[in-house]
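What follows is the residue order along each chain.
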Amino acid sequence: HLESPAGLIFPKVSRPDPMRCYRTSLFDSYRRFVLNAFGLLNVPPPEIPSVALSLRHRTASKNVGRILANEAEVVAVLKEGNMMDLNVVDTSSMKFSEQLKLIRNTNVLVGVHGAGLMFIMFAADE
C-alpha cells in the first residue's frame, strides 16, 4: 500500500474507482495544527527521497498487528533502491512525537493497510 500526501486515496466500496482527495481545508488545517504544536511545520523536505516502511510485529503481550508474510523480501527489494534513504520501523514502539518527526522527514510511506498509514498527511511537502 503506497500513499503520498499529494493524493490521499480513500477506497469506496460502492464505487469501482477510489475517491481521490487532492486538497481539503479540513485535513490541511488539522495537519498544520498538529505539525505546529510539535514544532515540525516548517521542516524542509529531505534532499534525498526518503521511504519509511512501517511494520508492526506481534509480541506475547500484544498479539495484534498487520504483518507481512514476506517481510524479509519486501525489505530486501526496498534496500535495492540506490537513490533513496530507507527507514524500516515498528511505529508501535515509538512515541507519537517520534512518529511525527520520522514521517515529517519521509516522502513515501509504505505499509500494510491500517490506521497508521493516515500519518501520510504529516509527510514531507512535495
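Since the model is a prediction, treat every value here as computed from it, not as a measurement.

Enquirer: Help me understand the overall build of the protein in this model?
Expert: Across its full length, the protein carries three helices and six strands. In the protein, the succession of helices and strands from N to C terminus is β-β-β-α-β-α-β-α-β. Within the protein, buried positions represent 30% of all 126 residues. A fraction of 61% describes how many contacts in the protein between residues 6 or more apart in sequence connect residues 24 or more apart. Summed over all atoms, the accessible surface of the protein reaches about 8,400 Å², with 57% contributed by carbon and sulfur.

Enquirer: How should I be thinking about the nonpolar core in this particular structure?
Expert: Burial of nonpolar side chains together is a common tendency in soluble globular proteins. If you look at the biggest cluster of nonpolar residues, it comprises 17 residues, and the most contacted ones within it are Leu35, Leu40, Leu100, Ile103, Leu109, Phe119 and Phe122. For this core, the secondary-structure elements that each account for two or more residues are helix H1 (25-37) and helix H3 (96-104). When near neighbours in sequence (up to four residues on either side) are disregarded, leucine 40 contacts Leu35, Leu100, Lys101 and Arg104. One finds Val51, Leu53, Val75 and Val110 within the second-largest nonpolar core, a separate group that totals six residues.

Enquirer: Before we go on, may I ask you to explain the confidence of the model for the protein in this structure?
Expert: Caution applies to low-pLDDT regions: their predicted coordinates should not be interpreted in detail. Summarising the model, the protein shows a mean pLDDT of 79, and 75% of its residues fall at 70 or more. Mean pLDDT per element in the protein: strand S1 (residues 2-3) is the minimum at 45, and H3 is the maximum at 94. Confidence over residues 9-14 falls short of pLDDT 50; this stretch has 10 contacts with residues more than four positions distant or in other chains.

Enquirer: Would you mind showing me how to read the environment of phenylalanine 27 here?
Expert: Its location among the elements puts phenylalanine 27 in helix H1. Exposure remark for phenylalanine 27: the relative accessible area of 25% places this residue in the partly exposed category.

Thresholds applied
- Residues numbered from 1 in each chain as written.
- Predicted model: local features only at pLDDT ≥ 70, side-chain atom pairs only at ≥ 80, totals over all residues.
- Heavy atoms only, no water.
- Helix = DSSP H or I, 4+ residues; strand = E, 2+ residues; numbered from the N terminus.
- Buried < 20%, exposed > 50% of the residue type's maximum accessible area, 1.4 Å probe, protein only.
- Contact = heavy atoms within 4.5 Å.
- Areas by Shrake-Rupley, 256 points an atom, 1.4 Å probe, with all protein chains shown as cover.
- Core = buried A, V, L, I, M, F, W, Y, C linked by side-chain atoms within 4.5 Å.
- pLDDT = per-residue confidence, 0-100.

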